[in-house]
Amino acid sequence: MGPLLLVLLLALILFGAGFALKILWWVAVVVLVVWLLGFVLRGTHSGGGRGRWYRW
């Protein structure tokens, strides 16, 4: 009975980790798209050059 519970617990942990990693991949893709859009669509400032779109 112990090994069966251990295998089920391991399967549950791996399923949860796989789901979390898939969500993190989608978050990373969304952040990359937002960053690229900000990089492409950044405005110009009064000096004629292109300004930074972020505040860092």
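Coordinates for the structure precede this section.
Calculation criteria
- Residues numbered from 1 in each chain as written.
- Predicted model: local features only at pLDDT ≥ 70, side-chain atom pairs only at ≥ 80, totals over all residues.
- Heavy atoms only, no water.
- Helix = DSSP H or I, 4+ residues; strand = E, 2+ residues; numbered from the N terminus.
- Buried < 20%, exposed > 50% of the residue type's maximum accessible area, 1.4 Å probe, protein only.
- Areas by Shrake-Rupley, 256 points an atom, 1.4 Å probe, with all protein chains shown as cover.
- Patch = residues over 30% accessible without salt bridge, like charges linked within 9 Å, V, L, I, M, F, W, Y side chains within 5 Å.
- Salt bridge = Lys/Arg side-chain N within 4 Å of Asp/Glu carboxyl O.

(A) Main features of the overall build of the chain. Secondary structure summary: the chain contains one helix and zero strands in total. For the chain, the residues scored as buried account for 4% of the 56 residues in total. Summing over all exposed atoms, the chain offers an accessible surface of approximately 5400 Å²; the carbon and sulfur share of this is 79%.

(B) Region of the structure containing a nonpolar patch on the surface. A cluster of nonpolar residues, Trp26, Val29, Leu32, Val33, Trp35, Leu36, Leu37, Phe39, Val40 and Leu41, forms a patch on the protein surface that exposes about 1000 Å² of accessible area. Tracing the chain through its elements places Val40 in helix 1 (residues 2-40).

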